[in-house]
Amino acid sequence: MTTTQDVNLRELAERAGRDLEDAPALDILRWAADTFGKKFCVTSSMEDAVVAHLASRVAPGVDVVFLDTGYHFEETIGTRDAVEAVMNVNVITLTPRRTVAEQDAEYGPKLHDRDPDLCCALRKVKPLEEGLTAYDAWATGLRRDESPTRAGTPVVGWDEKRRKVKISPIARWTQDDVDAYVAEHGVLTNPLLMDGYTSVGCAPCTRRVAEGEDVRAGRWAGRGKTECGLHG
């Protein structure tokens, strides 16, 4: 059921998306922090800590939500731990209701191979929906240049599924912009990015990318799947 709050938030998001389209990422995040306060968080896959770092500059101690699916590379968990140790943020780790062993017992081993959409729903989508209940707005690191499915990403938009304001402060950035920011500020990045991976997800469903391949070609390789369901 759509509530008055939903309508107000949606209108707020749509207006901000227009007003902030050409704004710097810091200004977009400053707007989010000023507007939502503690009802605002950043989500991070710990591929890099760029958005978390940006948010910490305008909202020190901001909540950074990380999904520990139970299938992450050791390097990803290490990046999360390093971000928690050195950045002025509050890392919150979400976990699925079932451990990997419990999921294997209920659905059979390697569900990710047989039904990756269901595996993502159980280990990513549902935990995030539950973890975001305390917030009215969340920030992501989505960029328009990453894939055709992300080309229309607004800098501020309305997440109809979760009834939240969704902020993508670096939507207009390119990979060169990201690299320049990382270099300028010494931002933590996942070591796998230096080892042939251009997009880092769960270990069973992520591979290195060959030269000339799409940046997300290493995710669910050989399948028509390009998104886990967190972003549409």
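Only a predicted model underlies this, so the values are computations on that prediction, with no experimental measurement involved.

**Student:** Where do I start with the environment of R219 in this structure?
**Tutor:** The residue R219 is located in the segment after α8 (175–185) in this model. You can call R219 buried: its relative accessible area is 8%. Sequence-wise, R219 and C202 are 17 residues apart; in three dimensions their C-alpha atoms are separated by 8.7 Å.

**Student:** Sorry if this is basic, but what is going on with the UniProt feature "domain: Phosphoadenosine phosphosulphate reductase" (unreviewed entry) in the protein chain here?
**Tutor:** Those places that UniProt annotates as "domain: Phosphoadenosine phosphosulphate reductase" (unreviewed entry) correspond, in this numbering, to residues 45–207. Note that residues 45–207 is 37% helix and 14% strand, and that its end C-alpha atoms are spaced 16 Å apart.

**Student:** Would you explain the state of the cysteines in this entry?
**Tutor:** One covalent bond between the sulfur atoms of two cysteine residues makes up a disulfide. Taken as a whole and assessed by the stated rule, the structure comprises zero disulfides. C119 takes part in no disulfide bond, and the closest cysteine sulfur to it belongs to C120, at a distance of 6.1 Å. A residue is classified by how much of its surface remains accessible, and C119, at 6% relative accessible area, is buried.

**Student:** Can you help me understand the pattern of salt bridges in this one?
**Tutor:** Any two side chains of opposite charge can pair, on the condition that their charged atoms come close. Applying the stated criterion across every chain, the model contains 13 salt bridges. Of the charged contacts in the structure, one is a salt bridge between R98 and E106, with a shortest N-O distance of 2.7 Å. In this structure, R162 engages D159 in a salt bridge whose closest nitrogen and oxygen atoms are separated by 2.9 Å. For D159, a relative accessible area of 7% corresponds to the buried category. Members of the salt-bridge network, linked through shared partners, are D6, R10, E160 and R163.

**Student:** Would you take a moment to explain the packing of helix α3 (residues 50–58) against α8 for this structure?
**Tutor:** For any two helices packed against each other, the geometry comes down to the angle between their axes and how far apart the axes lie. Axis separation between α3 and α8 bottoms out at 11 Å; the angle between their running directions is 60 degrees. Considered as vectors, α3 and α8 are oriented oblique to each other. As for the relative orientation of α3 and α8, their crossing is left-handed in sense. Across the interface between the two elements, V50, H53, L54 and R57 of α3 pack against V178, Y181, V182 and H185 of α8. The residue inventory of the contact of α3 with α8, partitioned by class, reads five nonpolar, two polar and one charged.

**Student:** Before we go on, may I ask you to explain empty space enclosed by the protein in this structure?
**Tutor:** It is the rolling of a water-molecule-sized probe over the atoms that shows where space remains empty. Per the counting criterion, the structure on display carries two cavities of 30 Å³ or more. Each pocket or cavity is described by its volume, and for the second largest cavity that value is around 110 Å³. Lining the second largest cavity are twelve residues, and of these C119, C120, K124, C202 and C205 sit closest to its centre. The leading source of residues in the lining of the second largest cavity is helix α7 (residues 116–131), at four residues. The class makeup of the residues in the lining of the second largest cavity is six nonpolar, three polar and three charged.

Cut-off values and rules
Residues numbered from 1 in each chain as written. Predicted model: local features only at pLDDT ≥ 70, side-chain atom pairs only at ≥ 80, totals over all residues. Heavy atoms only, no water. Helix = DSSP H or I, 4+ residues; strand = E, 2+ residues; numbered from the N terminus. Buried < 20%, exposed > 50% of the residue type's maximum accessible area, 1.4 Å probe, protein only. UniProt positions renumbered as here; feature names shortened; annotations may be inferred. Disulfide = S-S within 2.5 Å. Salt bridge = Lys/Arg side-chain N within 4 Å of Asp/Glu carboxyl O. Axes fitted to C-alpha atoms, helices over the stretch in contact; angles between N-to-C directions. Parallel < 35°, antiparallel > 145°, perpendicular 65-115°, else oblique. Left-handed = near helix turned anticlockwise from the far one by under 90°. Contact = heavy atoms within 4.5 Å. Nonpolar A, V, L, I, M, F, W, Y, C, P; charged D, E, K, R; others polar. 1 Å grid on protein atoms, 1.4 Å probe; cavity = no way out; pocket = protein on both sides within 12 Å on 5 of 7 lines; lining within 4 Å. Points joined across faces, edges and corners; volume = space filled by probe spheres on them.

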